[in-house]
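Descriptive structure summary
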Amino acid sequence: MPDLLIELFSEEIPARMQGKAAADLQKLVTDGLVEAGLTYAGARAFSTPRRLTLALDGLLAQSPTLREERRGPKVGAPDKALEGFMRGAGVTRDQLEEREDKKGSFYYATVVTEGRPAAEIVAEVLEKTIRTFPWPKSMRWGSGTLRWVRPLHSILCILVDEAGAEVVPLDVDGIKAGQTTQGHRFMGGDPFEVTSFEDYETRLKRNFVVLSGDERADAIWNDATNAAFALGLEVVEDKGLLREVAGLVEWPVVLMGDIDDEFLELPPEVLQTSMKEHQKFFSVRNPKTERIEKWITVSNIETADNGATILAGNQKVLAARLADAKFFWENDLRVAKREGLGAWTDRLSNVTFHRELGSQSARIDRIAKLARALAPMVGADADLAEQAARVAKADLSSEMVYEFPELQGLMGRYYAKAAGLPDEVANACEEHYSPLGPSDDVPSAPVSVAVSLADKLDTLTGFWAIDEKPTGSKDPYALRRAALGVIRLVLSNDARLHLDRFIDAQLVRHERHIQNGADDADLEALDSLVDEIADHGVFGAALRTILDRVKGEGAEAEEGTVLRTVGDKVPDLSTDLLAFFHDRLKVHLRDEGIRHDVIDACLAMEGGDDLHLLVSRAKALAAFLKTDDGENLVQGFKRANNILSQAEDKDGVEYSYGADVKFAEEDSEKALFAALDAAEAKISPAMQAEDYAAAMEAMASLRAPIDAFFEAVQVNSDNAIVRRNRLNLLSRIRTICSQVADMTKLEG
């Protein structure tokens, strides 16, 4: 069984494309070979700036011969039908066989597909792969038709077995496959032939090419951290930058340079961002002072002066970059200290957030009002929460954030402190964007939590109001991330708030903006509606009642057209957005082992907009269902519910009242009455106290009595009074268990 080695050698491949390109090469080639009947034992793919490499071990020497039996038309069918069958099967008339079966006599043909040599199949698959390779961007050069990310220079393709290496015959736009490659662009020697993957990897390293991207990354990190450690410093970890730099070099050479003294007082984040974005430098920090004092670059070449010339050139370019950053920093500080952050927030009235949702200034006003309403729910001071919300976006107008957008929020914290604002406000400027992803830290400071929640809820309600919701895999406004952020903020901080109330208020605020051309009476009525929602916590179905009343008050304004529009839209939008939160919550809790059906069972109960309560109930139910009592009780409940539902459908009545122990005939029946009384006495107060573990424990006590009841008792007795009593008893099982969750939603 031969091994296969493929190398596609080109001009420099962008680092961001290399990893996916190597994976695509492996998938396209291996899928094509397997489809053609060639299996293999193992596959490895590699990438460097100038090459994509694929090595397959234990490939079949040829595809197997396949025999397929096909049934054709009936004997006596028209000649044209028979000719078509023979043409499709590739056989002649004398190769057909007649056979009888239950439906009559039919023609059969045995189609034999002869196996083919591996080299022939590899050539076909590789040419197709090269011509259809899914580069994000590709180019055509010369007079050929081939498109590649950069000009493709050579193709190495060999099959290796005990007899040696065999070149796979292949020609793609005049580029013929061979067994020759070359090493480093500057330090490598002449092109060389290879006879196996091991020989290929070894010869490359002799010619200053490290084939494995992971090996290059490890070498960079080890050399960089060792150089920093020798000076009592540490390299700021950045896995993304490390991965990118490893894709820029074939022979990594780590060099360390100094930052000029005049730039050392810049915020470390500014230094780090400037060096990373513009020059792909790693930052080196002094752990004693937390200052960034040096930088590390990775060269692709060894020089006679040990990199001195390279360092000097980079130092000159870096100084110019940092001089710009220093200019921005000092200008911004002057503005913050002299004029405060209001100078920047005023400019945001001219910055559009979204053409249908207005300016950043209008958005800030909405967020500030919502943050004030949220503050008591998360233990924050309302005045500080509103103040923080009004300045949290101010740094978007600063020169530094204009140059480095990724520093938004962080620079806001620096500028808020420079302006003399409270620490809670300054920290909220940075933290209100968090959490940005599932692994990002969640703010815990109350003011930061209030502003972060307000920011994300405003984003979600705004795009819901203009019908810009995520569809399929498309989510251009990162609304799934925003919803997950709200969920994590609520759960991590044990926040107790009814989302409906705040969703409704914010949706009405958005509608007020959308309806900005309406008459004053309509707008005043909408303002009144928001105030009433905020003051009384109205949400859900009750919102329709208030809307109807407010519409009546605004009837003189064009017969309340605007308010009717809002009244029709907002409740449905609110319900839809809350369902979106529930879907995100299911995804979030899946990693904790909580099934979707458990969440659905809890969502059917009241309080579905209180995420903390919902998750507490779901976790208790999930833990209960993992016990034998829980699993068996669910089965008993479903049996009771099924019998009861069938009887109610048949009799046309609801059995929900009147179960009396005096009509009980069996001991197990009487025992169930007693068990239900005892359980109900514990479950109801436990649910009111939100002690779900105690409620589940009380419900578990019903497992044995319910099992014993069904083993000993026939519910549909011939005695009508006994039957009715027993059905009402089953109704008690349904009612008591349904206090905890809607158990009809549970699977199994």
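Everything numeric here is computed off the predicted structure, so don't read it as measured data. (Residues numbered from 1 in each chain as written. Predicted model: local features only at pLDDT ≥ 70, side-chain atom pairs only at ≥ 80, totals over all residues. Heavy atoms only, no water.)

Let us look at the overall build of the protein chain. The number of helices and strands found in the protein chain is 27 helices and 20 strands. Taken against the 2.2 N^0.38 rule, which gives 27 Å for 748 residues, the C-alpha radius of gyration of the protein chain at 36 Å runs more than 25% over that of a compact globule. Expressed as lengths along the three principal axes of its C-alpha atoms, the size of the protein chain is roughly 100 × 100 × 60 Å. Counting only residues that meet the buried cut, the protein chain has 50% of its 748 residues in that class. The long-range share in the protein chain, meaning contacts at least 24 apart out of those at least 6 apart in sequence, stands at 68%. In the structure as shown, the protein chain presents an accessible area of about 35,500 Å², 47% of it carried by carbon and sulfur atoms. Side chains of the protein chain give 88 positive and 126 negative charges; the mean places of these two sets differ by 3 Å. (Helix = DSSP H or I, 4+ residues; strand = E, 2+ residues; numbered from the N terminus. Rg over C-alpha atoms; globule rule 2.2 N^0.38 Å. Buried < 20%, exposed > 50% of the residue type's maximum accessible area, 1.4 Å probe, protein only. Contact = heavy atoms within 4.5 Å. Areas by Shrake-Rupley, 256 points an atom, 1.4 Å probe, with all protein chains shown as cover. Lys, Arg positive; Asp, Glu negative; His and termini not counted. Charge placed at Lys NZ, Arg CZ, Asp CG, Glu CD.)

Helix length check: helix H3 (residues 118–131), at 14 residues, gives a terminal C-alpha distance of 20 Å against a target of 20 Å (1.5 Å per residue), a fit within 8%. The set of residues buried in H3 consists of Ala118, Ala119, Ile121, Val122, Ala123, Val125, Leu126, Thr129 and Ile130. Elements in contact with the buried residues of H3: strand E1 (3–10), helix H1 (15–35), strand E8 (147–148), strand E9 (152–161), strand E10 (164–167) and strand E11 (171–172). (Expected span 1.5 Å × (residues − 1).)

The full count for this structure, using the stated rule, is 50 salt bridges. Measuring nitrogen to oxygen at the nearest pair gives 3.0 Å for the salt bridge that ties lysine 276 to aspartate 238. Note that lysine 276 is positioned in helix H7 (residues 268–279) and aspartate 238 in the loop between strand E15 (234–235) and helix H6 (239–246), a separation of 38 residues in sequence. Judged by relative accessible area, lysine 276 falls into the partly exposed class, the value being 27%. (Salt bridge = Lys/Arg side-chain N within 4 Å of Asp/Glu carboxyl O.)

In this section: the packing of helix H16 (residues 479–492) against helix H22 (residues 611–625). Relative placement of two packed helices is described by the angle separating their axes and the distance separating the axes. Relative orientation of the contacting elements H16 and H22 amounts to 75 degrees, with a least axis distance of 9 Å. Taken as axis vectors, H16 and H22 run roughly perpendicular relative to one another. Along the contact surface, H16 presents Ile487, Val490 and Leu491, while H22 presents Leu611, His612 and Val615. Its residues placed into classes, the contact of H16 with H22 shows five nonpolar, one polar and no charged. (Axes fitted to C-alpha atoms, helices over the stretch in contact; angles between N-to-C directions. Parallel < 35°, antiparallel > 145°, perpendicular 65-115°, else oblique. Nonpolar A, V, L, I, M, F, W, Y, C, P; charged D, E, K, R; others polar.)

With that settled, the discussion passes to the confidence of the model for the protein chain. Confidence in the prediction of the protein chain, expressed as mean pLDDT, is 90, and 93% of residues score 70 or more. Within the model, pLDDT remains below 50 along residues 537–542, and this stretch shows 15 contacts once partners closer than five positions in the same chain are excluded. In the predicted structure, residues 555–559 sits below a pLDDT of 50 and forms eight contacts with residues beyond four places in sequence or in another chain. (pLDDT = per-residue confidence, 0-100.)

Attention now goes to the packing of aromatic side chains. Applying the stated criterion to the full structure yields 15 aromatic pairs. With a centroid separation of 5.2 Å and an interplanar angle of 85 degrees, the aromatic rings of tryptophan 135 and tryptophan 148 are classed as edge-to-face. Residue tryptophan 135 is found in the loop between H3 and strand E7 (139–140), and its partner tryptophan 148 is found in strand E8; the two are separated by 13 residues along the sequence. Note on tryptophan 148: relative accessible area 1%, which makes it buried. Considering the side-chain rings of tryptophan 464 and phenylalanine 580, the 4.8 Å spacing of their centres and the 50 degrees angle between planes classify their relative orientation as tilted. Of this pair, tryptophan 464 sits in helix H15 (residues 446–465) while phenylalanine 580 sits in helix H20 (residues 561–590), placing them 116 residues apart in sequence. Residue class for tryptophan 464 comes out buried when judged on its relative accessible area of 3%. Connected via pairs of aromatic rings, a cluster forms that spans Trp329, Trp344, Tyr414 and Tyr415. Lying over the aromatic face of phenylalanine 353, arginine 363 brings its terminal NZ or CZ to 4.3 Å of the ring centre. (Phe/Tyr/Trp six-rings, centres within 6.5 Å; stacked < 30°, edge-to-face > 60°. Lys NZ or Arg CZ within 6 Å of the ring centre and 35° of its normal.)

Turning to the side chain of threonine 345, a few remarks are in order. The residue threonine 345 is located in helix H9 (residues 342–347) in this model. In this structure threonine 345 touches Arg390, Val391 and Ala394, once residues within four positions along its chain are discounted.

Attention now moves to the sheet that holds strand E16 (residues 253–258). Pairing within the open sheet is antiparallel, and its four strands lie in the order E15-E17-E18-E16. With one partner strand each, in any of the chains shown, E15 and E16 form the two edges of the open sheet. Note that E16 and strand E18 (residues 291–299) share six bridges and pair antiparallel. Its bridge partner lying in E18, methionine 256 is registered against isoleucine 296. Contacts between H7 and the sheet are confined to strand E17 (282–286) and E18, with E18 contributing the most and set at about 10 degrees to the helix. Set on the sheet, helix H8 (residues 308–339) makes contact with E16 and E18; between it and E18 the angle comes to about 130 degrees. (Pairing = 2+ DSSP bridges.)

Tyr415, Leu460, Phe581, Leu621, Met699 and Leu702 are the most contacted members of the largest nonpolar core, which has 147 residues in total. Here the element with the most residues in this core is H15; it accounts for eleven residues. Ranked by size, the runner-up nonpolar core spans 36 residues in total, among them Ala21, Val29, Leu126 and Leu146. (Core = buried A, V, L, I, M, F, W, Y, C linked by side-chain atoms within 4.5 Å.)

Overall, antiparallel pairing links the three strands, which are arranged E4-E6-E5 in an open sheet. Each edge of the open sheet carries a strand with a single partner, namely strand E4 (66–74) and strand E5 (97–101). Going from strand to strand, the sheet's axes swing by 40 degrees on average, the running direction of each strand aside. Bridge analysis of E5 against strand E6 (residues 104–113) gives five bridges, and the strand direction is antiparallel. Paired with glutamate 100 across the bridge in E6 is serine 105. Across the sheet, helix H2 (residues 79–89) is in contact with E4 and E6; its angle to E4 comes to roughly 170 degrees.

The next subject is the environment of arginine 372. Within the secondary structure layout, arginine 372 lies in helix H10 (residues 360–374). Distance in space between the C-alpha atoms of arginine 372 and alanine 382 is 4.8 Å, their sequence separation being ten residues. Among residues more than four places away in sequence, those in contact with arginine 372 are Ala382, Asp383 and Glu386. Engagement of the side chain of arginine 372 in a polar contact is seen with the side chain of aspartate 383, the distance being 2.3 Å. (Polar contact = N/O pair within 3.5 Å; in protein donor to acceptor, adjacent residues only side chain to side chain.)

The next thing to look at is H10. If you check H10, its first and last C-alpha atoms are 20 Å apart, about what 15 residues at 1.5 Å a residue would give, namely 21 Å. Residues of H10 that are buried include every one of Gln360, Arg363, Ile364, Arg366, Ile367, Ala368, Leu370, Ala371, Ala373 and Leu374, and no others. On its buried face, H10 sits against strand E19 (352–354), strand E20 (358–359), helix H11 (382–391), H15 and helix H17 (499–514).

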